[in-house]
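For reference, the chains in residue letters:
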Amino acid sequence: MRFATTILAAPLLLAGPTAFAQTTSVWNNKQCAVVLTYDDAIDVDLDNALPALDSVGLRGTFYLIGSSPVVAKRLPEWRRAAQRGHELGNHALMHPCDGSLPGRGFVTPDNDLSKYTVSRAVSEIRANNTLLAAIDGKTARTFAYPCGDKQIGGVNFYDQLKNDFVAARGVTAGLQTASQVKLDDIDCYMINGQNGQYLIDLVKRAQQSHTLLVFLFHGVGGGHSLNVALAAHRQLLRYLQAHEKDIYVAPMVEVATKIRVSQQGGAARP
Ligand SMILES: [Zn+2]
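In what follows, the accompanying structure is described. Here the residue index of a chain counts from 1 through its sequence in written order. At least 70 in pLDDT is required for a residue's local features to be given in this predicted model, at least 80 for side-chain atom pairs to be given and counted, and no such filter applies to totals for whole chains, interfaces and linings, which use all residues. Hydrogens and water are ignored here; the side-chain numbers use all heavy atoms of the structure.

## Here we look at the state of the cysteines
How we decide: Criterion for a disulfide: a pair of cysteine sulfur atoms within 2.5 Å. Secondary structure elements follow DSSP: runs of H or I no shorter than four residues count as helices, runs of E no shorter than two count as strands, and numbering proceeds from the N terminus. To sort residues, take the accessible area from a 1.4 Å probe on protein chains only and compare it with the maximum for the residue type: under 20% means buried, over 50% means exposed, and anything in between is partly exposed.
Inspection of every chain in the model, using the stated rule, returns 1 disulfide. Residue cysteine 97 pairs covalently with cysteine 147 via a disulfide, S to S 2.0 Å. Where cysteine 97 bonds to cysteine 147 through sulfur, the torsion about that S-S bond is close to 75 degrees, and the disulfide is right-handed. Of this pair, cysteine 97 sits in the loop between strand E3 (87-90) and helix H6 (118-136) while cysteine 147 sits in the loop between strand E4 (143-144) and strand E5 (151-152), placing them 50 residues apart in sequence. For cysteine 97, a relative accessible area of 2% corresponds to the buried category. Take cysteine 147: its relative accessible area is 26%, and that puts it in the partly exposed class.

## Examining the layout of surface pockets
Applied cut-off: In this analysis the probe radius is 1.4 Å and the grid spacing 1 Å, with only protein atoms considered; a cavity is a set of points the probe fits into but cannot get out of, a pocket is an open set with protein on both sides within 12 Å along at least five of seven lines, and lining residues have an atom within 4 Å of a point. Grid points are joined across faces, edges and corners, and a volume is the space filled by probe spheres set on the points. Note on residue categories: nonpolar means Ala, Val, Leu, Ile, Met, Phe, Trp, Tyr, Cys or Pro, charged means Asp, Glu, Lys or Arg, and polar means any other residue, Gly included.
Volume-wise, the largest pocket comes out at about 240 Å³. If you trace the largest pocket, you find 15 residues lining it, with His95, Cys147, Met190, His218 and Leu226 closest to the centre. When the residues that make up the lining of the largest pocket are grouped by side-chain class, the tally is 6 nonpolar, 6 polar and 3 charged. Taken together, Ile65, Met94, His95, Cys97, Phe106, Val107, Thr108, Asn111 and Cys147 make up the full set of residues lining the second largest pocket. Of the residues in the lining of the second largest pocket, the class split is 6 nonpolar, 3 polar and no charged.

## Quick notes on empty space enclosed by the protein
Applying the stated criterion across every chain yields a total of 1 cavity of 30 Å³ or more. As a volume, the largest cavity reaches approximately 50 Å³. Around the largest cavity, the lining residues are Ala92, Pro96, Leu113, Tyr116, Ala121, Glu124, Ile125, Pro146 and Phe157. Split into classes, the residues belonging to the lining of the largest cavity amount to 8 nonpolar, no polar and 1 charged.

## Remarks on the coordination of the zinc ion
Rules: Atoms of type N, O and S within 2.8 Å of a metal are treated as its donors, and for Na, K and Ca the window is 3.2 Å; water is not considered, so some sites may appear to be missing partners.
Surrounding the zinc ion are the protein donor atoms Asp40 (OD), His91 (NE2) and His95 (NE2), which sit 2.1 to 2.2 Å from the metal. For the zinc ion, all donor residues lie on one chain, and their spacing in sequence is D-x50-H-x3-H. In this pair, aspartate 40 is assigned in the loop between strand E1 (32-39) and helix H3 (43-56) and histidine 91 in the loop between E3 and H6, connecting sequence segments 51 residues apart. Since its relative accessible area comes to 1%, histidine 91 is described here as buried.

Next up, the structure:
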C-alpha cells in the first residue's frame with residue numbers, strides 16, 4: 001500500500017503547486033464558486049426563488065430584514081428553508097440606508113443611516129442575528145450591507161461586527177480569486193432585467209478565471225422594482241445544475257468560510 005501511495009503521489013509533485021490547483025481546492029476542487037443571494041425578505045423569495053432552487057437541488061443565501069412583514073407572517077417557511085440548507089443571512093433589522101447620498105429620496109427619516117449612531121447600527125444588526133438564530137438555530141452567518149452603505153460619519157460600522165459574522169457582502173461588481181476576496185466587502189453582480197444568457201456568460205467568465213461569482217437578486221418574477229424574469233433565473237439554475245461537476249454552488253456562509261481558511265493558511269494565490 002505504501003508503495004502504491006508513492007507512485008500515485010509522484011505525478012502531483014511533478015506538476016507542482018500551480019495557481020490553478022490551489023484555486024480549485026478552495027472551490028471544492030471545481031473551476032469556480034457561484035453564490036446566489038436574494039435580498040430584502042420578500043414574498044417572491046418563498047414563492048418563486050426557493051422552489052426554483054429546491055427543484056434543481058441548489059442552495060442560496062437569503063438576506064433577511066428582521067422587520068420585514070414577510071419574516072413575521074411566514075416564519076415557519078423561512079425555518080424550513082434553513083433546514084433544507086439555505087442560509088438566512090443578516091440584512092439588518094430595519095434596512096437603514098444613507099439618506100444624505102444622491103438619489104436617496106426613498107430613505108425615510110426613521111431608517112436614515114446618516115442619522116444613526118454607530119452603536120445603534122451595531123445593536124440593531126446584532127438583534128437581527130438573535131432573531132435569525134431563533135429561526136434557524138445557527139450561529140454562523142453572513143451580512144449584506146443595506147444599499148451597500150458602510151459608513152456613518154466616516155466610520156465603518158462593520159468593524160465592530162467582524163466577530164459576529166463570517167463575512168459581509170458589498171455591492172461592487174467584480175470577480176475575484178480566493179486570495180483577492182475582501183471578506184468584509186465581497187463583490188457581487190446586482191441583477192436587474194438582464195437575460196439568462198447574460199447570467200450564464202458571467203458564470204462562464206468565473207469558470208475561465210477560477211474566481212468567485214456572487215449574484216445579487218431582489219425580485220424573481222416580480223415582487224420588487226429590481227427584478228429578474230423567472231425564465232432568466234431558471235435558465236441560470238439549469239446551467240449551474242448541468243455543470244455541477246465544474247461549479248461549486250453553495251450559500252455565502254459556506255463559501256466565505258472556505259475563503260477565510262485559505263486566506264489564513266496562505267494556501268491560495270491569485
Ligand atoms: Zn436591501
